[in-house]
Amino acid sequence: MCLHQLSLHPMCKKVRVRFAPSPTGGLHLGGVRTVLYTYLFAKKYGGDFLVRIEDTDQSRYVQGAEEYIFDTLRWCGLEPDESVQHGGAYGPYRQSERKASYRQYAEQLVKDGHAYYAFDTPEELEKMRHAPTAIGVKSEQNHSQQYDHTIRMKMRNSLTLPANETQKLLAENTKHVIRIKMPANETVSFTDMIRGEVSFETSLVDDKVLLKADGMPTYHLAVVVDDYLMKISHAFRGEEWLPSAPVHILLWKYLFGLNEMPQWAHLPLILGPNGKLSKRDGAKYGFPVFAMNWTDPKTNELIEGFKEKGFLPEAFINLLALLGWNDGGEQEIFTKQELVEKFSMERVHSAGAKFDYEKAKWFNHEWIKKSGVGSLKSEVSVLLTNNGLTFADDNLLDKVIGLVKDRCTLLPDFVQQSSFFFKAPDTLDVDAVKPKWNDAKKLFFAQLILNYELSADWNSHTIENNFKEIAAVNELKPGELMLPFRIMLVGGKFGPGVFEIAELLGKEETIKRISFFFKQL
RNA sequence: GGCCCGUUCGUCUAAGGGUUAGGACACCACCCUUUCACGGUGGUGAUACGAGUUCGAAUCUCGUACGGGCUACCA
């Protein structure tokens with residue numbers, strides 16, 4: 001028998017964890033980090049990772065959101081073992097399809113005296129919230145009266161109505177909900193994997209609705225029932241759920257027993273520059289908030305994603321992992337495999353972390369540098385093609401990627417950094433050359449063309465040696481000639497070494513571009 | 001308002017009673033490079049505040065302040 005509440009990862013139970021998103025829109029940083037940690041935990045302990053779609057609120061259902069979630073997980077490399085798409089022995093994995101199973105648990109709670117039927121209409125509830133109390137009129141929304149033990153006996157429910165009246169209302173199919181009956185005076189405490197012991201007074205928690213009038217469970221009931229039925233051993237979720245944890249713990253106690261309850265881990269939130277990270281922050285501060293592009297089907301509003309911004313998935317999960325976790329050493333670049341091996345809940349921070357886009361870009365840059373040409377090729381090739389750049393020679397693309405990848409932070413940088421290899425620049429930054437341009441230099445380049453035309457070898461070394469020899473003959477400093485040369489080949493003041501560029505461009509094209517420059521002056 | 005969680009350089013973090021409080025991003029300077037980067041070297045920069053416990057506190061306790069979350073028939 002293990003000490004379920006005390007040990008951080010008791011392995012007496014098969015590790016089974018779930019990511020349980022609502023299909024209501026794009027997946028933001030915080031959501032992806034939650035899946036990441038869940039996934040890492042599962043893989044580290046050889047457990048199962050499943051995805052359960054929490055679509056109990058039909059009014060919030062958004063077309064395409066579910067597909068988006070799986071696309072995102074696939075891109076991140078966080079493939080579930082069980083889900084709507086992957087199958088599994090504990091389905092269905094969509095809560096709307098499990099609707100039938102919830103009611104019996106709610107009814108059981110009523111039978112055991114832990115819950116009750118409530119027939120209050122929306123109008124009655126509204127009236128209750130704003131009713132005058134001993135403290136005065138609760139006008140402000142955030143001061144409103146909760147449906148709790150102080151008021152439940154004044155409302156219309158199976159606690160206040162005669163039994164036969166309740167039966168009659170139920171028999172007539174009167175709209176009703178089932179609410180948990182929170183004990184008036186109990187302390188509920190549990191050990192969170194991240195925060196340690198946390199406790200709540202039940203008298204301060206309201207009688208949450210468990211089963212809605214449409215027969216669907218609320219999150220509170222569904223999460224407990226499904227975690228039980230799916231044999232979840234460790235339940236990860238965002239910190240925003242902490243305040244309702246006592247409700248869930250009580251439900252576990254009443255329904256299945258605390259010994260069966262998974263261990264909870266409430267992950268800290270990821271903050272934006274001004275507090276809570278919102279999807280608006282993206283547009284406001286110029287960084288993505290969602291994992292991948294998301295277009296709201298109703299408003300057609302596009303929220304940019306890390307993928308489309310040019311992040312590598314390896315970099316994305318790496319930076320997310322380090323936002324609130326570290327291995328204790330000074331290593332910051334981790335492969336997914338290393339993360340699986342080194343991840344530990346003990347080292348997850350309890351404080352929320354503010355997202356820093358500059359650091360995020362640094363991670364991506366590191367990953368681009370680290371990545372081999374082969375693994376970057378398909379992405380880069382698509383990017384170039386989309387920008388109207390064509391390349392007949394596959395070999396050339398390999399060489400170009402190898403040459404410029406160290407100076408690319410985001411994938412689209414490859415376009416700017418390498419377009420001139422595939423297409424002569426449209427405009428040349430002649431202003432950078434003009435002020436110091438003179439006949440001596442003009443003569444130099446004329447001689448250079450002749451030299452290159454006769455040159456048998458064409459590689460960066462011979463190109464450079466010949467360049468310098470002619471400069472020496474003309475008593476010119478090579479340094480003063482390299483900038484003009486760069487402008488001729490590239491169009492601007494950027495790119496790798498000029499002689500390497502010339503090599504890849506080839507003799508003919510190099511000469512062509514020098515000649516073209518003369519016409520521009 | 002109430003409840004809960006949190007607080008080390010601007011940002012992410014290390015240090016689990018004894019360190020000149022360490023690293024990374026960003027920033028600055030220098031070197032390398034006669035482009036821009038990469039790289040290298042160095043620098044600026046933090047324990048929110050106040051009490052207590054202790055020979056000794058970033059670390060333990062309490063209070064205050066500040067930040068965040070929740071307070072729906074949403075998750």
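Residues numbered from 1 in each chain as written. Chains lettered and ligands numbered in written order. Predicted model: local features only at pLDDT ≥ 70, side-chain atom pairs only at ≥ 80, totals over all residues. Heavy atoms only, no water.

Participant: Can you tell me about the sheet that holds strand S14 (residues 353–354), naming the residues and giving the values?
Facilitator: If you trace the three strands from one edge of the open sheet to the other, you get S11-S10-S14, paired in mixed fashion. Bordering the open sheet on either side are strand S11 (275–276) and S14, each of which pairs with just one other strand. (Pairing = 2+ DSSP bridges. Helix = DSSP H or I, 4+ residues; strand = E, 2+ residues; numbered from the N terminus.)

Participant: So what's going on with the protein's contact with RNA strand B? Residues and values would help.
Facilitator: Around RNA strand B there are 60 residues in total, and Ser22, Arg195, Lys212, Glu332 and Arg407 lie nearest to it. Counting only the atoms of RNA strand B that lie within 4 Å of the protein, the sugar and phosphate share comes to 67%. With respect to RNA strand B, the side chain of glutamate 330 contributes an N or O atom lying 3.3 Å from a sugar or linking oxygen. Arginine 486 is positioned such that a nitrogen or oxygen atom in its side chain is 2.7 Å from a base nitrogen of RNA strand B. Looking at the surface near RNA strand B, the elements that each hand over two or more residues are helix H4 (122–129), strand S4 (177–180), strand S6 (196–201), S14, helix H12 (357–370) and helix H18 (478–490). Here the surface near RNA strand B takes five residues from H12, the largest share from any one element. Partitioned by chemical class, the residues of the surface near RNA strand B number 19 nonpolar, 16 polar and 25 charged. (Near = heavy atom within 4 Å. Polar contact = N/O pair within 3.5 Å; in protein donor to acceptor, adjacent residues only side chain to side chain. Nonpolar A, V, L, I, M, F, W, Y, C, P; charged D, E, K, R; others polar.)

Participant: An account of the pattern of salt bridges is requested, with residue identities and associated values reported.
Facilitator: Counting across every chain of the model gives 32 salt bridges. The salt bridge partner of aspartate 227 is arginine 52, with a shortest N-O separation of 2.9 Å. Taken together, the residues aspartate 227 in helix H6 (residues 219–229) and arginine 52 in the loop between strand S2 (48–51) and helix H2 (65–76) connect sequence positions 175 residues apart. The residue glutamate 332 makes a salt bridge to lysine 359 at a minimum N-O spacing of 2.9 Å. Here the residue glutamate 332 occupies a position in the loop between helix H10 (313–321) and helix H11 (336–342), and lysine 359 occupies one in helix H12, the gap between them amounting to 27 residues. Residue classification places lysine 359 among the partly exposed residues on the basis of a relative accessible area of 36%. (Salt bridge = Lys/Arg side-chain N within 4 Å of Asp/Glu carboxyl O. Buried < 20%, exposed > 50% of the residue type's maximum accessible area, 1.4 Å probe, protein only.)

Participant: If you had to explain the pairing of strand S9 (residues 263–267) to someone new, which residues and values would you point to?
Facilitator: For S9, the tally of buried residues reaches five of five residues, placing the bulk of the element in the interior. Alternating residues of S9 divide into Gln263, Ala265 and Leu267 and Trp264 and His266, and every residue in both groups is buried. Here strand S8 (residues 234–238) runs beside S9; their pairing, made up of five bridges, is parallel. Counted as the bridge partner of glycine 238 is leucine 267 from S9. In the classification by handedness, the crossover that spans S8, the intervening helix H7 (residues 245–255) and the parallel S9 is right-handed. (Right-handed = clockwise from strand over helix to strand, strands pointing away.)

Participant: Account for the layout of surface pockets, with residues named and values stated.
Facilitator: By volume, the largest pocket is sized at about 1,300 Å³. As for the largest pocket, its lining consists of 44 residues, and the residues nearest its centre are Ser22, Thr24, His28, Glu240 and Trp241. Of the residues forming the lining of the largest pocket, the biggest block, four residues, is contributed by helix H1 (residues 29–44). Here the lining of the largest pocket is built from residues that sort into 19 nonpolar, eleven polar and 14 charged. (1 Å grid on protein atoms, 1.4 Å probe; cavity = no way out; pocket = protein on both sides within 12 Å on 5 of 7 lines; lining within 4 Å. Points joined across faces, edges and corners; volume = space filled by probe spheres on them.)

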